[in-house]
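Coordinate analysis (summary)
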Amino acid sequence: MRCSIGALTYCARSREGEGAVPRDTPSAPLIEVFPSFQGEGPRAGEAMLFVRVAGCPLRCNYCDTSYSYHAGESFRLHDWHGDVTSELGNPVAAAELLEQVPAELVSGVGWLALTGGEPLLYGEFVRALFERARARGLSTLLESAALDAEALRTVLPMTDHAALDFKLPSALSGEDHRDAHVACIEAAVASDTETAVKIVLTAAVEDHEWREALRLLSGFRDVMTLVVQPVTPALRERRSAPPAAIVARAREAIAASFRVLVLPQTHKQVGVM
């Protein structure tokens, strides 16, 4: 089995002594699995089991998970304190993953969250894992860069909350994926999935860029929450957005009748994974 999308090229293991993943089993390479509290958006503060997949076709200036760009031979399980408890081999089948997570890491958790990297690189895996999570009584949350509406439609029937990015070109050194974002948001809201759309505000965002984002999103304002997230400086983005600019952008969105949350990455403030 081979996956080659964007920056990711990964082959399933088939060495001597290690059986290859069956071709009909949805599987994906992971980076880590850990319990924590959601740090972004309307579900911030809720306890979740996070599954971070490997690989992302984008290179955001403010990326804080660049270690997820490439898959390794194994992925790590972390406990509530962030300590590594074990390592498991990549790729992992959706049918097997939850069976390998110790019960104490799931105790008290109400959600399974797929994050990345970019989970929609592995749509069938996400759908199969979400189906198993729901069977265990867990709600399901997808965090995505919102680049592939077709893959998203595969996942939405098993998704309780879609946290979708709307990345401004200034965040990607001029790359423009806004049409893809709009197509994904349209698919999510059409499925009646609880949808939050996140725009990260950096010091580089200009008035025309922000107003164009609001224009493109205006048709969804009654069926989504707009999350205005001041950037946490990381990677190539070393400046915070000025407070006056954050207030001005948020007030402009409110005046345009959006449901707005101004919310930083709360897990960074608390100091948890």
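Quick note: structure is the one above.
Residues numbered from 1 in each chain as written. Predicted model: local features only at pLDDT ≥ 70, side-chain atom pairs only at ≥ 80, totals over all residues. Heavy atoms only, no water.

1. A look at helix α5 (residues 178-190)
- Over its 13 residues, α5 extends 18 Å from the first C-alpha to the last, a length consistent with the 18 Å expected when each residue adds 1.5 Å.
- Taken residue by residue, α5 has R178, H181, V182, C184, I185, A187, A188 and V189 as its buried positions.
- Residues of α5 that are buried sit in contact with α4 (149-155), β11 (161-165), β12 (194-201) and α6 (207-217).
- Positive backbone phi, at 65°, marks D192, one or two positions downstream of α5. (Helix = DSSP H or I, 4+ residues; strand = E, 2+ residues; numbered from the N terminus. Expected span 1.5 Å × (residues − 1). Buried < 20%, exposed > 50% of the residue type's maximum accessible area, 1.4 Å probe, protein only. Contact = heavy atoms within 4.5 Å.)

2. Brief notes about the sheet that holds strand β6 (residues 74-78)
- Across the sheet, which stays open at both edges, the 10 strands sit in the order β7-β6-β4-β5-β9-β10-β11-β12-β13-β14 with mixed pairing between neighbours. The open sheet has two free edges, formed respectively by β7 (84-89) and β14 (260-262), since each of these has just one partner strand. Across the sheet, the mean angle from the axis of one strand to that of its neighbour is 20°, orientation sign disregarded.
- Note: strand β4 (residues 30-37) against strand β5 (residues 47-53), 7 bridges, orientation antiparallel. The partner of V33 across the bridge, within β5, is V51.
- Strands in contact with helix α7 (residues 243-255) are β12, β13 (225-230) and β14; relative to β14, the strand with the most contacts, it is inclined by about 170°. (Pairing = 2+ DSSP bridges. Axes fitted to C-alpha atoms, helices over the stretch in contact; angles between N-to-C directions.)

3. Some thoughts on the packing of aromatic side chains
- Taken as a whole and assessed by the stated rule, the structure comprises 2 aromatic pairs.
- Each ring, one from F34 and one from F50, has its centre 5.2 Å from the other, and the planes form 10°; the classification is stacked. Here F34, found in strand β4, pairs with F50, found in strand β5; they are 16 residues apart in sequence, far enough to count as distant.
- On the basis of an interplanar angle of 45° and a centroid distance of 5.4 Å, the ring pair of F37 and W80 is categorised as tilted. (Phe/Tyr/Trp six-rings, centres within 6.5 Å; stacked < 30°, edge-to-face > 60°.)

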